[in-house]
Amino acid sequence: MSPAAFRALSLALHNLSSRELELCSPRRLLTTVLTSSGYEIFHIPLNQLEAICRHDALIGEVQVNIRVDSKINDRLRDFRDEAGRRLGRSVSVIEAINACAHVLNKGL
């Protein structure tokens, strides 16, 4: 991922860890966002979704590997499918992860 995307992910991890009062992992961040009862990630306005899901701005030299449970992977795929339908193009995993960070940084 790009340094800017890594900073956004790091800020989201900080925000979640501060809220939960314990150190949280990227896996926990994705789980928290994708299983929230309000499904905030599925309600990102289209103009924000277009700004968040910009693959060229998100790819870069920072390597991140996040292992998730199959249930969370299914929810991530659901989000990618829905975002892809709304944007009229496929949405990558890094774009979906950036959307999760965005949701948490905006106050899940």
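I will try to describe carefully the structure that is included in this document. (Residues numbered from 1 in each chain as written. Predicted model: local features only at pLDDT ≥ 70, side-chain atom pairs only at ≥ 80, totals over all residues. Heavy atoms only, no water.)

### Re the overall build of the chain
Looking only at helices and strands, the chain has 6 helices and 0 strands in total. Listing each helix as α and each strand as β along the chain from the N terminus yields α-α-α-α-α-α. In terms of overall size, the chain behaves like a compact globule, its C-alpha atoms giving a radius of gyration of 13 Å where 108 residues would be expected to give roughly 13 Å. When the backbone C-alpha atoms are referred to their principal axes, the chain occupies close to 40 × 35 × 25 Å. A fraction of 77% describes how many contacts in the chain between residues 6 or more apart in sequence connect residues 24 or more apart. Here the chain displays about 6200 Å² of accessible surface, and carbon together with sulfur accounts for 50% of that area. On the chain, the mean spot of the 14 positive side-chain charges and the mean spot of the 12 negative ones are 1 Å from each other. (Helix = DSSP H or I, 4+ residues; strand = E, 2+ residues; numbered from the N terminus. Rg over C-alpha atoms; globule rule 2.2 N^0.38 Å. Contact = heavy atoms within 4.5 Å. Areas by Shrake-Rupley, 256 points an atom, 1.4 Å probe, with all protein chains shown as cover. Lys, Arg positive; Asp, Glu negative; His and termini not counted. Charge placed at Lys NZ, Arg CZ, Asp CG, Glu CD.)

### Examining helix α6 (residues 93–105)
Its 13 residues give α6 an end-to-end C-alpha distance of 18 Å, which sits within 8% of 18 Å, the value for a rise of 1.5 Å per residue. Counting buried positions along α6 yields 11 of 13 residues, so the element is predominantly enclosed. Every buried residue of α6 is accounted for by Ile94, Glu95, Ala96, Ile97, Asn98, Ala99, Cys100, Ala101, His102, Val103 and Leu104. The inward-facing, buried residues of α6 contact α1 (3–20), α2 (26–34), α3 (46–52), α4 (55–58) and α5 (70–87). Looking one or two residues beyond α6, the residue adopting positive phi is Gly107, at roughly 100°. (Expected span 1.5 Å × (residues − 1). Buried < 20%, exposed > 50% of the residue type's maximum accessible area, 1.4 Å probe, protein only.)

### Regarding the environment of Leu30
Its location among the elements puts Leu30 in helix α2. Between the C-alpha atoms of Leu30 and Arg67, which are 37 residues apart in sequence, the distance is 10.0 Å. Beyond its immediate stretch of four places on either side in the chain, Leu30 contacts Ile66, Val68, Ile72, Ile97 and Cys100.

Nothing here speaks to function; it is geometry throughout.
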